[in-house]
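# Report on the structure
Residues per chain are reported as follows:
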Amino acid sequence: MKKPRLTQSLLEKIFVAASIRRWNDQATPVEFLELDKQAHKIVIAYFLAHYEEQEGKNIDWERLILQFCYEFFERIILTDIKPPVFHQLVKNHNKELVDFVCKELQEDLENYPFFDEMKAYLYGERENLEKEILKASHYYASKWEFDIIYHFNPYLYDVQNIKNILDKQVEEYYHLIGVREIMLYAEKQELIAMFGQLRFQKRWSQTPRIPATSVLGHTLVVALSAFLLGFDLGFCPQMQVQHFLCGLFHDLPEILTRDIISPIKRNVLGLDAFIKTIEAQEVQKKILNKVPQNIKEDILYFTQKEFTNRYKEGGKVCYASIKGEEFLEHFNRDNFYPIMGEFLKYCDHLSAFLEARISIAHGISSKELLEGAKNLEYKYNAANLRGIDLGYLFREFGS
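Below is a summary of the structure that appears in this document.

Definitions and cut-offs
Every residue gets a number counted from 1 within its own chain, in the order that chain's sequence is written. Only residues with pLDDT of at least 70 get local features here, since the model is predicted, and only at 80 or more are side-chain atom pairs given and counted; chain-wide, interface and lining totals rely on the full set of residues. Side-chain measures were taken over the full set of non-hydrogen atoms in the model, leaving aside hydrogen atoms and water. By the criteria applied, helices consist of DSSP H or I runs no shorter than four residues and strands consist of E runs no shorter than two, each listed in order from the N terminus. Note on method: radius of gyration uses C-alpha positions; expected globular size equals 2.2 Å times residues raised to 0.38. Only protein chains enter the calculation, and the probe is 1.4 Å; a residue is then buried if its accessible area is under 20% of its type maximum, exposed if over 50%, and partly exposed in between. Per-residue and other accessible areas were derived by the Shrake-Rupley procedure at a 1.4 Å probe size, with only the shown protein chains allowed to occlude residues. Counted charges follow a simple rule, with Lys and Arg positive, Asp and Glu negative, and His plus the chain ends left uncounted. Think of each charge as sitting on NZ of Lys, CZ of Arg, CG of Asp or CD of Glu. In this description, a line fitted to the C-alpha atoms serves as the axis of each element, helices being fitted only across the stretch in contact, and the angle between N-to-C directions of two axes falls anywhere from 0 to 180 degrees. Small angles under 35 degrees read as roughly parallel and large ones over 145 as roughly antiparallel, with 65 to 115 read as roughly perpendicular and the rest as oblique. With the far helix as reference, a near helix turned anticlockwise by less than a right angle produces a left-handed crossing, and one turned clockwise produces a right-handed crossing. Should any heavy atoms of two residues lie within 4.5 Å, those residues are counted as being in contact. Residues are grouped as follows: Ala, Val, Leu, Ile, Met, Phe, Trp, Tyr, Cys and Pro are nonpolar; Asp, Glu, Lys and Arg are charged; all remaining types, including Gly, are polar. As used in this record, nonpolar core signifies buried Ala, Val, Leu, Ile, Met, Phe, Trp, Tyr and Cys residues forming a set joined through side-chain atoms within 4.5 Å.

Helices and strands together make up the secondary structure of the protein chain, namely 19 helices and six strands. Relative to its length of 399 residues, the protein chain is compact, with a C-alpha radius of gyration of 21 Å against a globular reference of 21 Å. Principal-axis analysis of the C-alpha atoms gives the protein chain an extent of 55 × 45 × 40 Å. For the protein chain, buried positions account for 55% of its 399 residues. Carbon and sulfur atoms form 50% of the exposed surface of the protein chain, whose accessible area is close to 18200 Å². Side-chain charges in the protein chain split into 49 positive and 57 negative, and the spacing between the mean points of these groups amounts to 3 Å.

The following block contains the structure:
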């Protein structure tokens, strides 16, 4: 049985982003964390990409996700550099910066097929629509954060100047239809803000943790885990894309019901089904009624029965009765737009396990964290799929 290429070291680096505070030289009403910013960025990029598709543009979704990963990994290594200094360094010493980033990530990423392409992209050798979308999303997510800071105290030193710079950076991407839509229409701004609110909703809210990851940050960890593990499991490109996006959006209904802990859902008879009904009604009213049809279909596909194996055929969603390798044997093909819900459940539990184990390693523990980690390690320590030892990461962090 083979170990996955996804390492304990890389997962720890991803979780470091949940501890990196943004705008730490400003008076902020809430903490802004790098992992949450990156999650918000790719959510915005998803919307901008769909608006471009509506205009007849072709979006390479796999390339969009990969390029997001390249930028995310770079930010993990360089995020302590303040933006004005970072931009100056990129302008004058980008090759040296990229070489440093790739050296720091080499042990974790060199066995992935995209490592050389990542270096070329970070060198600035690739220009495409997906890159423009990511830059626009990056600037809008930063502007969204800073607008909160600005309204909290607009008279602090340099605050007005920073706001002007961010506004101008977003304006440079007005040629993208999605940026214009978001900037011009309050309803679309509210939609982006609604996703942003998941940055402030903490998981395991009943027990102290370090880092105290948010619902939105958690969804990005699930998306990244599914995408990176997919290279070992031989998932087709379209399954890779669907897994990343489903991981990113699977907790969307929780923005409307909060993160109700599993023991309450399990032990109060009928409550889980009732919550699902309320979530579906609220998602329809507050989200689906405000988005184009293609996004509406996506959101429903990603959030309804999110951990069930499914595929599309003839434009319709079909739920599969078969599981594991049998499901992959039949539906691991691009034309089915497949989602292996049971695998995403594994990734969701892997993220929850890491949240507990990393906090315990930091010396912040509780009965809930210890029991949660122990139960998940017991559940998955022998998990495997297609000859890949999926239990390896649970055993590594559990030891």
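Having seen the structure, we can now continue with the description.
This part takes up unusual backbone geometry. With an omega of -10°, the peptide bond running from isoleucine 210 to proline 211 counts as cis. With respect to the helices and strands, the residue proline 211 is situated in the loop between helix H9 (186-196) and helix H10 (215-233). One non-glycine residue, tryptophan 23, adopts positive backbone phi at about 55°. Among the structural elements, tryptophan 23 can be located in the loop between strand E1 (21-22) and strand E2 (32-33). Overall, the relative accessible area of 16% leaves tryptophan 23 in the buried class. The backbone of aspartate 158 shows a phi angle near 70°, a positive value even though the residue is not glycine. Secondary-structure assignment places aspartate 158 in the loop between helix H6 (129-152) and helix H7 (159-171).

This part is about helix H5 (residues 115-123). Within H5 the residues assigned to the buried category are Phe115, Met118, Ala120, Tyr121 and Leu122. Of the residues trailing H5, glycine 124 is marked for its positive phi of about 95°.

Here the focus is the packing of helix H2 (residues 34-54) against helix H3 (residues 61-78). It is at 11 Å that the axes of H2 and H3 come closest, and there the two elements cross at 155°. Considered as vectors, H2 and H3 are oriented roughly antiparallel to each other. Relative to H3, the crossing made by H2 is right-handed. Across from Glu34, Leu35, Gln38, Lys41, Ile42, Ala45, Tyr46, Ala49, His50 and Glu53 in H2, the residues of H3 making contact are Trp61, Leu64, Phe68, Glu71, Phe72 and Arg75. Residues belonging to the contact of H2 with H3 are distributed by class as follows: nine nonpolar, two polar and five charged.

A separate point is the packing of H10 against helix H11 (residues 237-249). The geometry of H10 relative to H11 is characterised by a closest axis approach of 7 Å and an angle of 165° between their N-to-C directions. When the interaxial angle is binned, H10 and H11 end up roughly antiparallel. With respect to the hand of their crossing, H10 and H11 are arranged in right-handed fashion. Where H10 approaches H11, its residues Thr219, Leu220, Val222, Ala223, Leu224, Ala226, Phe227, Gly230 and Phe231 are matched on the opposing element by Gln240, His243, Phe244, Gly247 and Leu248. For the contact of H10 with H11, the residue count by class is nine nonpolar, five polar and no charged.

Let us now look at the nonpolar core. Residues Phe47, Phe72, Phe73, Phe244 and Tyr346 are the most contacted members of the largest nonpolar core, which totals 126 residues. The greatest single-element share of this core, amounting to 13 residues, is contributed by H10.

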